[in-house]
Amino acid sequence: MPPRHLVVVGGGMVAQRLVEALRARDGAGAWRISVFAEEPRKPYDRVALTSYFSARDAEELTLGDPALWDDPLVTLHRDCAVTEVDREARTVTDRLGRVHAYDELVLATGSNAFVPPIPGSDLPGVFVYRTIDDVAALRGWVEEKRRSATTEGGWERPVRGAVIGGGLLGLEAAGALRALGAQATVIQFGTHLMDAQIDLGGGQALTRLINDMGIAVRCDTGTKEMKVSRRTGHVGRLDFVDGGRLDVDVVVVATGVRPRDELARAAGLEVGARGGAVVDLACRTADEHVWAIGEVACIEGRCIGLVAPGYAMAEVVADRLLGGEATFPGADTATKLKLQGVDVASFGDAFARTEGSMELVWADPVAGVYKKLVLSDDARTLLGGVFVGDATPYASLRPMLGAELPGDPGAFLLPEGSGGGAPSLELPDDATVCSCNNVSAGTIRGAVTEHACTDLAGVKVCTKAGTSCGSCLPLVKKITTTELERAGIEVSNALCEHFELSRAQLFDAVRVADLHTFSEIIARFGRSVVDESGATVDPGRGCDICKPVVASVLASLGNGHILDGEQAALQDTNDHVMANMQKDGTYSVVPRIPGGEITPEGLLVIGQVAKDFGLYTKITGGQRIDMFGARIEQLPHIWRRLVEHGFESGHAYGKSLRTVKSCVGSTWCRFGVQDSVGMAVELELRYRGLRSPHKIKLGVSGCARECAEARGKDVGVIATDKGWNVYVGGNGGFTPRHAQLLAEDLTSEEMIRAIDRFLMYYIRTADRLQRTAAWVEDHEGGLEAICEVILEDSLGIGADLDAAMARHVDDYEDEWRAVLEDPEKLRRFGSFVNAPAEPDPDLAYVTERGQIRPATAAERTAALEAARASGAEPVPAGPVVIAGSTLEVRR
């Protein structure tokens, strides 16, 4: 029999899941599938839409295996919306007028961004936040406004942005505006942010976190009108119902969505009271040949604007098309805010609406943390939860929804290091671990026991757990590891295919064997590699995983300059040239400024160097000055100027100490109780150049007001009336962590010894690219065990750790100066082998806010075409600065 024809209207995430699920199960090829997408691209991850601002490549958001769309039984019609459904003839008509017959039809048209009927909402400068095109248009508008936003006096002002709507999407949009360099104010009609997911207490904590990001919040505020700017003709002001107003250059409306049910309505299908094609628990409409899934489906009386229920509907329809009897399992409405630096999650009955339910709350207003569990009346069964500021328990607790918690439920809310600790949870097999893909704990265990998966990557491929939003991956890894150990299977912690040892084991092996080159190390501890044909391959060259690790280990053990001998070939790009490569192939130079303290003469030197070499300058978050745009052949000349005036490498390029941030402390501040600047300088000079598994940062605050944000650092020091409190394991990045208290009221000598041992113990035992926060969490026994090693010398290695740090301090050498004094090393710094002093001719820059930035391809092309059209011959070779339509050579 020829395959039957399934037509899927819509090319979003849920449509992609349906096609993927059906093809994975339809081994007999009973169905051929035609997908009609309105957008001109393959289905992409709308959940990660904000990442487009940094990635700027739509392809990076593409979902699933691209080979799915090369399947001969699958046809994707891009930029080809369906305009009509004829249920009687069982056909659809696309926008080109072509008619396609179907055996079964699935509506997966999703939803549109809802824009309230606010006067002026159609003005230029007003955007929604729904598709890649929306995000691209918003980005382009803000970037253009940044270039042109000046006052009548000629001085630059920031772009003023507002987001109407304080839900999940609104907060992501506000974060995106800040990332683009604009101001952001969130306008929320309700009493608090994310009022559909979290309660008032959580909303108040969330407001503090959002404010800390530099985003303003106005709750209980309705927008009356958007006013046009007479000067620009674009949106220029918001007028509020309460009489207030806000000047704006850009507005993002994020007030919810409405189902795209126009096709269903036109075809005579029943729609819900608030829209959406009405379906039963099999996701089928009243027409037995028409189905609806995702946000367009009105199931159990409502449309659900979350991806996980949409995926569940897709799985149901795939099963039904192949003769199964699956039904919709119900909506998992758990949500997690994906905004860097802000941890928010909720699940289950977050508002305690279940009769007889009780709430257990733990809050730390100073730290901006709010946690709540909703429990049954006997305080045993978990009904829901809210986490703001620290959502660490979310991954483990959400799968326990509806189950009885072991031990004291309050233990799950207490911060790490507070004593006791949460009881260990053994998730039941039917507990959902990955809600996006509806993967249970039992399915993950089965991947190990029944499908011979022996690592996290294999489990992901086998079960699809963690392949969507990724928030469940820590729990998936934990279950996988536990099941492997339970089955008696050794969990490999091998560094790579060339070394069976972990990084920590390799570190000790190299130290004890006293080896000094990669060749010696791989000959002694490496293993032979077998290729696809079964032949043994010489492992002598290593790989991109083990070579940088060995380089870091050798550097940590004081093996000389990173460019000496074999070590030069092991380094990553940035370490290889001791500068950070930028997007246009130039480099940034960051001299060390210990503790952020610098003399006026030092400032003048850096300013003059930047001016003489035409570099872009920026104050970093670590209280240093970054200079961008240096060509490789310029680096030694820049270093020489800096070194001559007492500066040295700031190691911004290495997995090593970056900065020690400080406030002004007792020397100037009326609240300071210790000299935080002096201590920060001492610590930075002590640990400068210290190589480690990942970059490390320190902070020193002169009092409990914490102006240096020390608890956000790998090691944080906070002054007290009696001495210093030391905190460890704090990180920024993708998973921010507050540092935890290691010791209180230490003298300066005691504090330095504790930090020495902590850093050296971390360097010796952490995994490759593992930050201190993850290391502390993964260490057997956690922070308590680390405290015993550091403070009580429980392993008897304290003297060894002390000696190792002393050797580092004694052997420190400025890497820039060492290069300048070595003619052989200096030969590495040239643009081209045959013309080492010649600059790269492809570099082009645009002047913005008084400094240069890399020109886009479009800007460079436009300037070249304008130059040619004006008869400017020859067109100058770069590096050039584009000024208007002219090209000025930059030397």
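Going by the structure above, here's the rest.
Here is what the cut-offs are and how they apply
Residues numbered from 1 in each chain as written. Predicted model: local features only at pLDDT ≥ 70, side-chain atom pairs only at ≥ 80, totals over all residues. Heavy atoms only, no water. Helix = DSSP H or I, 4+ residues; strand = E, 2+ residues; numbered from the N terminus. Buried < 20%, exposed > 50% of the residue type's maximum accessible area, 1.4 Å probe, protein only. Contact = heavy atoms within 4.5 Å. Areas by Shrake-Rupley, 256 points an atom, 1.4 Å probe, with all protein chains shown as cover. Polar contact = N/O pair within 3.5 Å; in protein donor to acceptor, adjacent residues only side chain to side chain. Phe/Tyr/Trp six-rings, centres within 6.5 Å; stacked < 30°, edge-to-face > 60°. Lys NZ or Arg CZ within 6 Å of the ring centre and 35° of its normal. Pairing = 2+ DSSP bridges. Axes fitted to C-alpha atoms, helices over the stretch in contact; angles between N-to-C directions. Salt bridge = Lys/Arg side-chain N within 4 Å of Asp/Glu carboxyl O. Disulfide = S-S within 2.5 Å. Core = buried A, V, L, I, M, F, W, Y, C linked by side-chain atoms within 4.5 Å. Parallel < 35°, antiparallel > 145°, perpendicular 65-115°, else oblique. Left-handed = near helix turned anticlockwise from the far one by under 90°. Nonpolar A, V, L, I, M, F, W, Y, C, P; charged D, E, K, R; others polar. Expected span 1.5 Å × (residues − 1).

Trainee: When you look at the overall build of the protein chain in this model, what are you seeing that I'm missing?
Mentor: Each helix and strand counted, the protein chain has 25 helices and 43 strands in total. When each of the 891 residues of the protein chain is scored for burial, the buried share is 51%. Taking all contacts inside the protein chain whose residues are at least 6 apart in sequence as the whole, residues at least 24 apart take part in 61%. Here the protein chain has roughly 40100 Å² of accessible surface; of this, 49% comes from carbon and sulfur atoms.

Trainee: Explain the side chain of R23 to me, please; I cannot follow it from the model alone.
Mentor: For R23, the position within the fold is in helix α1 (residues 13-25). At 2.8 Å, the side chain of R23 forms a polar contact with the side chain of D71. Those residues in contact with R23 that lie beyond four places of it in its chain are I33, L68, D71, L73 and V74.

Trainee: Looking at this structure, I do not really get unusual backbone geometry. What am I missing?
Mentor: Trans is the prevailing form of peptide bonds, just as negative phi is the prevailing case for residues other than glycine. The phi dihedral of E709 is positive, around 55°, even though this residue is not glycine. Relative to the elements of secondary structure, E709 occurs in the loop between β36 (696-701) and β37 (715-720). With a phi close to 55°, L769 is a non-glycine residue in the positive phi region. In this fold, L769 is placed in the loop between α19 (748-765) and α20 (772-778). Using a relative accessible area of 43% as the deciding quantity, one classes L769 as partly exposed.

Trainee: Whenever I open this one, the packing of aromatic side chains confuses me. Can you help?
Mentor: Two numbers describe a pair of aromatic rings. These are the distance of the centres and the angle of the planes. Going through the model one piece at a time under the given rule, you end up with ten aromatic pairs. For the pair F499 and F518, a centre-to-centre distance of 6.5 Å together with 75° between the ring planes defines the contact as edge-to-face. With F499 in the loop between α11 (473-486) and α12 (503-513) and F518 in helix α13 (residues 518-525), this residue pair connects regions lying 19 residues apart in the sequence. Across the pair, exposure class does not vary: F499 and F518 are buried alike. A ring pair is formed by Y616 and F628, whose centres lie 5.6 Å apart and whose planes are at 65°; its orientation type is edge-to-face. A residue pair is termed long-range when its members are at least 10 positions apart, and Y616 in strand β33 (residues 616-619) and F628 in strand β34 (residues 625-630) qualify at twelve residues. Grouped by ring-pair contacts, the aromatic residues F758, Y761, Y762 and W775 constitute a single cluster. We note R17 situated over the ring of Y311; from NZ or CZ to the ring centre the distance is 4.0 Å.

Trainee: Before we go on, may I ask you to explain the sheet that holds strand β12 (residues 216-218) in this structure?
Mentor: Where strands meet in a sheet, backbone hydrogen bonds hold them as pairs that are either parallel or antiparallel. Spatially, the five strands line up as an open sheet ordered β9-β16-β10-β11-β12, and their pairing is parallel. Each of the sheet's edge strands pairs with one partner strand only, and the pair in question is β9 (126-128) and β12. Going across the sheet, the axis of each strand differs from the next one's by a mean of 25°, ignoring polarity. Pairing geometry for strand β10 (residues 160-164) and strand β11 (residues 183-187), over five bridges, is parallel. What sits directly across from I164, in β11, is I187.

Trainee: Whenever I open this one, the pattern of salt bridges confuses me. Can you help?
Mentor: If the charged atoms of two oppositely charged side chains come close together, the side chains can form a pair. If you walk through the whole model with that rule in mind, you get 45 salt bridges. As a salt-bridge pair, E20 and K464 come within 3.9 Å of each other at their nearest N and O atoms. Placement of the pair is E20 in helix α1 and K464 in the loop between α10 (456-463) and α11, with a sequence separation of 444 residues. Among the ionic pairs, D508 bridges to R511, the shortest N-O distance being 3.2 Å. A residue pair is termed a helical-turn pair when its members lie 3 or 4 positions apart in one helix, as D508 and R511 do in helix α12 at three residues. Taking the relative accessible area as the measure of exposure, D508 reaches 32% and is therefore partly exposed. Given the relative accessible area of 29%, R511 is considered partly exposed.

Trainee: Would you mind going over the state of the cysteines with me for this structure?
Mentor: A covalent bond between the sulfur atoms of two cysteines is referred to as a disulfide. Applying the stated criterion across every chain yields a total of zero disulfides. Note on C303: no disulfide assigned, nearest cysteine sulfur contributed by C298 at a separation of 4.8 Å. Overall, C303 belongs to the partly exposed group, its relative accessible area being 28%. With no disulfide of its own, C453 has C462 as its nearest cysteine by sulfur position, at a separation of 4.1 Å.

Trainee: So what exactly am I meant to see when it comes to the nonpolar core here?
Mentor: Counting residues in each nonpolar core, the largest one holds 58 residues, and the members touching the most others are F499, L683, Y687, M751, I755, F758 and L759. The greatest single-element share of this core, amounting to ten residues, is contributed by α19. Discounting residues that sit within four places of it in the chain, M751 has contacts with M679, L683, V717, W724, V726 and L746. In terms of nonpolar packing, the next biggest core, distinct from the first, is built from 51 residues, A264, V290, I299 and F328 among them.

Trainee: What exactly am I supposed to notice about the packing of helix α16 (residues 600-613) against helix α17 (residues 635-644) here?
Mentor: A pair of packed helices is captured by two measures, namely the crossing angle of their axes and the spacing between those axes. Where α16 contacts α17, the two axes come as close as 10 Å, and the packing angle between them is 160°. Judged by the inter-axis angle, α16 sits roughly antiparallel to α17. The element α16 and its partner α17 pack so that their crossing is right-handed. Each of V605, I606, Q608, V609, D612 and F613 in α16 lies in contact with α17, whose residues at this interface are H637, I638, R641 and L642. Looking at the contact of α16 with α17 residue by residue, the classes come out as six nonpolar, two polar and two charged.

Trainee: Just checking my understanding: could you explain helix α4 (residues 168-179) for this structure?
Mentor: What sets the pattern is the α-helix's 3.6 residues per turn: residues three or four places apart point alike. Look at α4: 17 Å from first C-alpha to last across twelve residues, which is about the 16 Å you get at 1.5 Å a residue. Most of α4 is tucked away: nine of the twelve residues are buried. Inspection of α4 places L168, G170, L171, E172, A173, A174, G175, A176 and L177 among the buried residues, and these make up the whole buried set. In the stretch just after α4, G181 is the one whose phi turns positive, near 95°.

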